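Structural features, examined
Listed below, chain by chain, are the residues.
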Amino acid sequence: MVKTYKKSRFKEISSKIFEPIALGLLALLFIIPSITVINLEPITKNLKQFTDVLGVTTSSEIIVDLVGGTHEILSSEKVYREDDGNYTYQAVLTKRESDFYSKPILEIQNRTDEEKSITFMGTTINPTQSDIGLIINDQSYRLQKANGESEDVEILLRPQSKYIVYLTVESLIGVQFSEDFEMEIIIQQ
């Protein structure tokens, strides 16, 4: 009888100790992979950091940097430099009410001693009856009409100058879903 009492007492004490530990380990089994998946988003840094290698700066070229910041309808902004020297800007336009929205997205620097021509080509996959455009030096340009037709925008950059590019979205009706926006920035050589 004493042996069965000791066995049951041992089971009772061990269940009080090992059960919370087992539950904690089981919770970690699900939490750690979830945190890992959340952290898989690629790290994007300013391209300026990658152009300054070993103290050598590339002072005679066009530099396109992401302005960043938060906005109620723009998220997941990224800018990439392609192998051919051109850039690609990507963002997600979230659902929105019918209104006019504007946000600074890019800073473009012409570090050369000559005028450079840049062409912007941007579009969304689905037409949402939204006009999408750019504002550069207080001048408005249209990239995509409300019916989904896209237009190319070409501007001249003065030598040794800096420009802030704003993305504008004017929705005539409320849009109830997110859409991907991509813009190619082609630098004429």
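Residues numbered from 1 in each chain as written. Predicted model: local features only at pLDDT ≥ 70, side-chain atom pairs only at ≥ 80, totals over all residues. Heavy atoms only, no water.

A word on the overall build of the protein chain
- Check the secondary structure of the protein chain and you find two helices and 10 strands.
- Secondary structure elements of the protein chain, listed N to C terminal, follow the sequence α-α-β-β-β-β-β-β-β-β-β-β.
- Relative to its full complement of 189 residues, the protein chain shows a buried share of 34%.
- Excluding contacts between residues fewer than 6 apart, the proportion of contacts in the protein chain whose partners are at least 24 apart in sequence is 72%. (Helix = DSSP H or I, 4+ residues; strand = E, 2+ residues; numbered from the N terminus. Buried < 20%, exposed > 50% of the residue type's maximum accessible area, 1.4 Å probe, protein only. Contact = heavy atoms within 4.5 Å.)

Topic: empty space enclosed by the protein
- All told, the structure shown has one cavity of 30 Å³ or more when counted by the stated rule.
- By volume, the largest cavity amounts to about 30 Å³.
- Around the largest cavity, the lining residues are His 71, Ile 73, Leu 74, Leu 93, Tyr 101, Ser 102, Lys 103, Leu 167 and Val 169.
- Mapped by element, the contributors of at least two residues to the lining of the largest cavity are strand S4 (100–110) and strand S9 (161–171).
- No other element matches S4, which puts three residues into the lining of the largest cavity.
- Classifying every residue of the lining of the largest cavity gives six nonpolar, two polar and one charged. (1 Å grid on protein atoms, 1.4 Å probe; cavity = no way out; pocket = protein on both sides within 12 Å on 5 of 7 lines; lining within 4 Å. Points joined across faces, edges and corners; volume = space filled by probe spheres on them. Nonpolar A, V, L, I, M, F, W, Y, C, P; charged D, E, K, R; others polar.)

Some points on the sheet that holds S9
- With antiparallel pairing, the five strands of this open sheet are ordered in space as S1-S4-S9-S6-S7. The sheet is open, and its two borders are formed by strand S1 (62–66) and strand S7 (139–144), each paired with just one other strand. Looking at each pair of strands side by side, their axes are set apart by 30 degrees on average, direction ignored.
- Here strand S6 (residues 130–136) pairs with S9 via seven bridges, running antiparallel. Note on S9: the bridge partner recorded for Asp 131 is Glu 170. (Pairing = 2+ DSSP bridges. Axes fitted to C-alpha atoms, helices over the stretch in contact; angles between N-to-C directions.)

A few points about a nonpolar patch on the surface
- A surface patch of nonpolar side chains, amounting to about 860 Å² of accessible area, comprises Ile 13, Ile 17, Phe 18, Ile 21, Leu 25, Leu 28, Ile 31, Ile 32 and Ile 35.
- One can find Ile 32 in helix H1 (residues 2–38).
- Given the relative accessible area of 49%, Ile 32 is considered partly exposed. (Patch = residues over 30% accessible without salt bridge, like charges linked within 9 Å, V, L, I, M, F, W, Y side chains within 5 Å. Areas by Shrake-Rupley, 256 points an atom, 1.4 Å probe, with all protein chains shown as cover. Salt bridge = Lys/Arg side-chain N within 4 Å of Asp/Glu carboxyl O.)

What to know about the pattern of salt bridges
- Counted under the stated rule, the structure contains six salt bridges.
- Within the structure, one salt-bridge network assembled from shared partners comprises Lys 145, Glu 149 and Glu 151.

Digging into the pairing of strand S8 (residues 153–157)
- The side-chain alternation of S8 yields one buried face, formed by Val 153, Ile 155 and Leu 157, and one unburied face, formed by Glu 154 and Leu 156.
- Strand direction decides the pairing type here: strand S5 (residues 116–124) and S8, joined by five bridges, are antiparallel. Counted as the bridge partner of Ile 118 is Ile 155 from S8.

Taken by themselves, the reported measurements are silent on function.
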